[in-house]
Amino acid sequence: MFKIINFQKYTSIHIGGEHKVQVIHEIGDFSNFRIIGRGNNLLISNTPPALAILGEEFDYIEEQNGLLIVGAATSSGKLLTYCKKNNIAHFELLAKLPGNMGGLVKMNAGLKQWEIFNYLHSIKTEKGIFKRKDISYSYRHTKIDGIIYEVVFHIEKGYDKEQQKLFNKMRDNQPNLPSAGSCFKNPEGKSAGYLIENVGLKGYTIGDMSFSSEHANFLVNLGSGTFEDAMKLITLAKEKVKEKFGVTLELEIEVL
Ligand SMILES: Cc1cc2nc3c(=O)[nH]c(=O)nc-3n(C[C@H](O)[C@H](O)[C@H](O)COP(=O)(O)OP(=O)(O)OC[C@H]3O[C@@H](n4cnc5c(N)ncnc54)[C@H](O)[C@@H]3O)c2cc1C
């Protein structure tokens, strides 16, 4: 089954046209498609690859034998609410971390050293079940082939409200304008925001796209920003940072 999605509305950065997207209702071979989640880390070009999303069959939360079994189409907000209600620890970082569990695990999303992989037990893809120790992952990166359909976590009791407050505070300087989160990964031992600011691009605007004046590593849409303007800013930041600091910035946002 296909569905037409307007990516200007669907993605958090509010860029993209209307495209036909395959909706997946059961586990199978969808290798001709690029799977996406809630579009919180995406910059959709005018010519994206064939895209697919998971259907609501993959939106569920279950508990079995001390494990939390979560469908990959389940949103971070839904899992956070569940953990709060059932006094489950270690999911406090999901507050204000938008996405579906498939996207969050694929990106190893997180905040500093708190990452979604920390309490992961295993994942299910079309190729089978993979334990965390058998998956190659690092900061905002995993080598997961294929589509994640289900993710499983260890359960420990004790939802920590103070920890959640701390995470919220750590996000104080994040802008409220439409964005796709951090634009670039932090190079080892450095902050991408610091580098962008120090080449004079904090608040720099092309068309309706801008490196936020609140946090330079957030590429924000001021209203009717376009893919082309976003790419111009990305290229400019890469060039200037390379020239001044000799550092190659790597995109955290995914361009499709
Ligand atoms: C305001 C804001 C704040 C943010 N803050 C943070 C932050 O603090 N930390 C952080 O890490 N990120 C942050 N992000 C980025 C975003 O929340 C994460 O990258 C999240 O994991 C994206 O999930 P998604 O479902 O939207 O995935 P999408 O953006 O749709 O996709 C992201 C990637 O995951 C892949 N993918 C999606 N679903 C699956 C699946 N089922 N199987 C396999 N691959 C899949 C896609 O192919 C793509 O490569 C922020 C974004 C916004 C807008």
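Further up the page is the structure itself.
As the structure is a prediction and not an experimental result, all values here were calculated from the model.

Participant: What should I look at first to understand the overall build of the protein chain in this one?
Facilitator: Along the protein chain, the regular secondary structure elements total six helices and 18 strands. Its C-alpha atoms put the protein chain at 55 × 45 × 30 Å along the principal axes. On the protein chain, roughly 12800 Å² of surface is accessible, and the fraction owed to carbon and sulfur atoms is 48%. Each charge class in the protein chain can be summarised by its mean position, and for the 31 positive and 29 negative side chains these summaries are 3 Å apart.

Participant: Honestly, the site of the ligand in this entry has me stumped. Any pointers?
Facilitator: The environment of the ligand is made up of 33 residues, and the closest members are Ile35, Gly37, Pro98, Gly110 and Arg171. A distance of 2.9 Å separates an oxygen atom of the ligand from a polar backbone atom of arginine 38. The separation between a nitrogen atom of the ligand and a polar main-chain atom of isoleucine 148 is 2.8 Å. Its free accessible area being 980 Å², the ligand has 94% of it covered by the protein chains. Every element with two or more residues in the shell around the ligand is listed here: strand S3 (34–35), helix H3 (101–106) and strand S8 (110–111). The element contributing the most residues to the shell around the ligand is H3, with four residues. Split into classes, the residues belonging to the shell around the ligand amount to 13 nonpolar, 14 polar and six charged.

Participant: Explain helix H2 (residues 76–85) here, please?
Facilitator: Two residues of an α-helix separated by three or four positions point the same way, owing to the 3.6 residues in each turn. Those residues of H2 lying buried are Ser76, Leu79, Leu80 and Cys83. Projected onto a plane normal to the axis of H2, the buried residues spread over an arc of 100° and lie on a single side. Contacts from the buried residues of H2 go to strand S6 (61–64), strand S7 (67–71), H3 and strand S14 (148–154). Two residues or fewer after H2 comes asparagine 87, characterised by a positive phi angle close to 55°.

Participant: Which parts of the structure should I look at to understand the sheet that holds S14?
Facilitator: Strand pairs in the sheet, formed through backbone hydrogen bonds, run parallel or antiparallel to each other. Taken together, five strands build an open sheet; the order of strands is S6-S7-S14-S10-S11 and the sheet is antiparallel. If you trace the sheet from one side to the other, it starts and ends with S6 and strand S11 (128–131), each paired once. Neighbour-to-neighbour, the strand axes of the sheet open up by a mean angle of 20°, direction not taken into account. Here strand S10 (residues 120–125) pairs with S11 via four bridges, running antiparallel. By the bridge assignment for S11, threonine 125 is matched with glycine 128.

Participant: Where do I start with the pattern of salt bridges in this structure?
Facilitator: When their charged atoms lie close together, side chains carrying opposite charge are able to pair. Under the definition given, this model contains eight salt bridges. Its salt-bridge partner being lysine 133, residue aspartate 134 comes within 3.6 Å of it at the nearest N-O pair. In this structure, aspartate 134 and lysine 133 share a single accessibility class: exposed.

Participant: Please clarify how helix H6 (residues 227–245) should be interpreted in this entry.
Facilitator: With 19 residues, H6 should cover 27 Å at 1.5 Å per step; its first-to-last C-alpha distance of 27 Å lies within 8% of that length. The inward-facing, buried residues of H6 abut strand S4 (42–43), helix H5 (192–197), strand S15 (205–206), strand S16 (209–211), strand S17 (219–221) and strand S18 (254–255). Two residues or fewer past H6, glycine 246 is found with a positive phi of approximately 70°.

Participant: Explain unusual backbone geometry here, please?
Facilitator: One non-glycine residue, lysine 112, lies in the positive phi region at around 50°. Classification of lysine 112 by relative accessible area gives exposed; the value is 59%.

Participant: In this structure, what is going on with the packing of aromatic side chains? I would like to understand it.
Facilitator: To describe a pair of aromatic rings, one takes the distance between the centres and the angle between the planes. Under the definition given, this model contains seven aromatic pairs. Ring centres 5.1 Å apart and planes at 85° place the aromatic pair tryptophan 114 and phenylalanine 167 in the edge-to-face group. Here phenylalanine 167 lies in helix H4 (residues 161–170) and tryptophan 114 lies in strand S9 (residues 114–115), a separation of 53 residues in the sequence. A relative accessible area of 28% places tryptophan 114 in the partly exposed class. An aromatic cluster is present here, built from Phe2, Phe30 and Phe33 joined pairwise through their rings. Its end group placed over the ring of phenylalanine 2, lysine 20 keeps NZ or CZ at 4.6 Å from the ring centre.

Participant: Honestly, the side chain of asparagine 217 in this entry has me stumped. Any pointers?
Facilitator: Structurally, asparagine 217 can be placed in the loop between S16 and S17. For asparagine 217, a relative accessible area of 2% gives the class buried. Every residue in contact with asparagine 217, bar those within four places of it in the chain, is listed here: Gly181, Ser182, Cys183, Phe184, Ala192, Gly193 and Ile196.

About the cut-offs
- Residues numbered from 1 in each chain as written.
- Predicted model: local features only at pLDDT ≥ 70, side-chain atom pairs only at ≥ 80, totals over all residues.
- Heavy atoms only, no water.
- Helix = DSSP H or I, 4+ residues; strand = E, 2+ residues; numbered from the N terminus.
- Areas by Shrake-Rupley, 256 points an atom, 1.4 Å probe, with all protein chains shown as cover.
- Lys, Arg positive; Asp, Glu negative; His and termini not counted.
- Charge placed at Lys NZ, Arg CZ, Asp CG, Glu CD.
- Near = heavy atom within 4 Å.
- Polar contact = N/O pair within 3.5 Å; in protein donor to acceptor, adjacent residues only side chain to side chain.
- Nonpolar A, V, L, I, M, F, W, Y, C, P; charged D, E, K, R; others polar.
- Buried < 20%, exposed > 50% of the residue type's maximum accessible area, 1.4 Å probe, protein only.
- Arc of directions from axis to C-beta.
- Contact = heavy atoms within 4.5 Å.
- Pairing = 2+ DSSP bridges.
- Axes fitted to C-alpha atoms, helices over the stretch in contact; angles between N-to-C directions.
- Salt bridge = Lys/Arg side-chain N within 4 Å of Asp/Glu carboxyl O.
- Expected span 1.5 Å × (residues − 1).
- Phe/Tyr/Trp six-rings, centres within 6.5 Å; stacked < 30°, edge-to-face > 60°.
- Lys NZ or Arg CZ within 6 Å of the ring centre and 35° of its normal.

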